[in-house]
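Residue-level structure breakdown
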Amino acid sequence: MKKLSYLFVAILIISLSGCSLFQGGSDTFEGYIKYDIEYEGDIDEATRAQLPTSVTDYYKGAKIRKEQETAMFSMYQIVNSANKEVIILMDMMGQKIAYKQDTAEMQEAMKEMGDPEVRETGETKEIMGYTAKKVEVELDDNIFSGYVTNAIPLEADHNWAGQFNGVKGVLLEYTTEQQGMIMTYKATEIEEEKVKASKFTIPAEYELKTSEEIKTMFGG
């Protein structure tokens, strides 16, 4: 159970080969950004083999869907920045579960997390044809870093539901740490395309669970 719980936390944080730069076909970006994931830390080989190697973020208006998939476990996180709602979809070897955090739950979670301090370092890096600025975020004595661009126009602030709350723009590279495991996400694909509205809804085959049922499942 501990190994499954560890894997669940890693995939949940919650949280790219070839590219076409934003062409400005509309006022805001609609499409996807794919990131490759690199891991560092004390991770046994069995767990490492089950961790996702990439994550894809789909943008449509005020909504974003994050997809992470492995051979035995898939997780999809849907964040609505308009009403501050988060939906998590989990497919564990055919068992399909959905969990919804409403506005009140998210506000409580963000309150417990605290307000991060965001600092611009003055450093820049070229990533996928964009000049990205390096930022550092300090939260509970932890420092996370990332490279962000404001050249991809978004309808809403999509960074509010995590440790990069307060960072404006699109993160093209960033690093997080959880339980001694360091994860670095690097953009490798950026594509502007229409995204189906159905990506941001709970499919009929998913069973909606409460927060207490989810905690019990993962040993919480």
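Refer to the preceding data block for the structure.
The text that follows walks through the structure, step by step, so that each part is easy to find. (Residues numbered from 1 in each chain as written. Predicted model: local features only at pLDDT ≥ 70, side-chain atom pairs only at ≥ 80, totals over all residues. Heavy atoms only, no water.)

1. What about the overall build of the chain?
Across its full length, the chain carries four helices and twelve strands. Looking at the 220 residues of the chain, the share that counts as buried comes to 45%. Accessible surface computed for the chain: about 11,200 Å², of which carbon and sulfur atoms make up 46%. (Helix = DSSP H or I, 4+ residues; strand = E, 2+ residues; numbered from the N terminus. Buried < 20%, exposed > 50% of the residue type's maximum accessible area, 1.4 Å probe, protein only. Areas by Shrake-Rupley, 256 points an atom, 1.4 Å probe, with all protein chains shown as cover.)

2. Considering the sheet that holds strand 4 (residues 73-80)
With respect to topology, twelve strands assemble into an open sheet ordered 7-8-9-10-11-1-2-3-4-5-6-12, the strand pairing being mixed. Only two strands of the sheet have a single partner each, and these edge strands are strand 7 (117-127) and strand 12 (207-209). The mean inter-strand angle of the sheet, taken between neighbouring strand axes irrespective of direction, is 20°. Of the pairings in the sheet, the one linking strand 4 to strand 5 (residues 85-92) comprises eight bridges and is antiparallel in character. Looking at strand 5, one finds that Met75 is bridged to Met90. Helix 3 (residues 103-113) rests against strand 5, strand 6 (95-101) and strand 8 (130-139) of the sheet, and its axis sits at about 75° to strand 6. (Pairing = 2+ DSSP bridges. Axes fitted to C-alpha atoms, helices over the stretch in contact; angles between N-to-C directions. Contact = heavy atoms within 4.5 Å.)

3. Some points on the pattern of salt bridges
Applying the stated criterion across every chain, the model contains 14 salt bridges. Notably, a salt bridge pairs Glu117 with Arg119, separated by 3.4 Å at the nearest N-O pair. Residue Glu117 is classed as partly exposed on the basis of its relative accessible area, which comes to 42%. Here Arg119 falls in the partly exposed class, since its relative accessible area comes to 26%. A salt bridge links Lys133 to Glu120; its shortest N-O distance comes to 3.5 Å. On the criterion of sequence distance, the pair formed by Lys133 in strand 8 and Glu120 in strand 7 is long-range, its members being 13 residues apart. You can call Lys133 partly exposed: its relative accessible area is 30%. On the basis of relative accessible area, Glu120 is assigned to the exposed category, the value being 56%. If you follow the salt bridges from partner to partner, you end up with Glu117, Arg119, Glu136 and Glu138 in one network. (Salt bridge = Lys/Arg side-chain N within 4 Å of Asp/Glu carboxyl O.)

4. A look at the pairing of strand 7
Inspection of the sheet shows strand 7 paired to strand 8 by eight bridges, in the antiparallel sense. Looking at strand 8, one finds that Val118 is bridged to Val137.

5. Observations concerning the nonpolar core
Across soluble globular proteins, you tend to see nonpolar side chains buried next to one another. Counting residues in each nonpolar core, the largest one holds 44 residues, and the members touching the most others are Ile33, Tyr35, Met90, Ile152 and Leu172. Leaving out residues up to four positions away in the same chain, Ile152 has contacts with Phe29, Ile33, Tyr130, Val170, Leu172 and Ile190. Formed by ten residues, the second largest nonpolar core is a distinct cluster that contains Tyr58, Ile78, Ile87 and Ala98. (Core = buried A, V, L, I, M, F, W, Y, C linked by side-chain atoms within 4.5 Å.)

6. Some details on the side chain of Lys209
For Lys209, the location among the structural elements is in strand 12. Assessed through its relative accessible area of 18%, Lys209 is described here as buried. In this structure, Lys209 is in contact with Ile97, Ala98, Tyr99 and Ile214, ignoring residues within four places of it in sequence.

7. Section: the packing of aromatic side chains
All told, the structure shown has six aromatic pairs when counted by the stated rule. With centroids separated by 4.6 Å and ring planes inclined at 5°, the aromatic side chains of Tyr174 and Tyr185 adopt a geometry described as stacked. Linking Tyr174 in strand 10 (residues 170-178) with Tyr185 in strand 11 (residues 181-192), this pair joins segments that are eleven residues apart in sequence. Residue Tyr174 shares its accessibility class with Tyr185, and that shared class is buried. The structure contains a cluster of three or more aromatic residues connected by ring pairs, namely Tyr35, Phe144, Phe164, Tyr174 and Tyr185. Here the basic side chain of Lys199 rests over the ring of Tyr58, its NZ or CZ set 4.3 Å away from the ring centre. (Phe/Tyr/Trp six-rings, centres within 6.5 Å; stacked < 30°, edge-to-face > 60°. Lys NZ or Arg CZ within 6 Å of the ring centre and 35° of its normal.)

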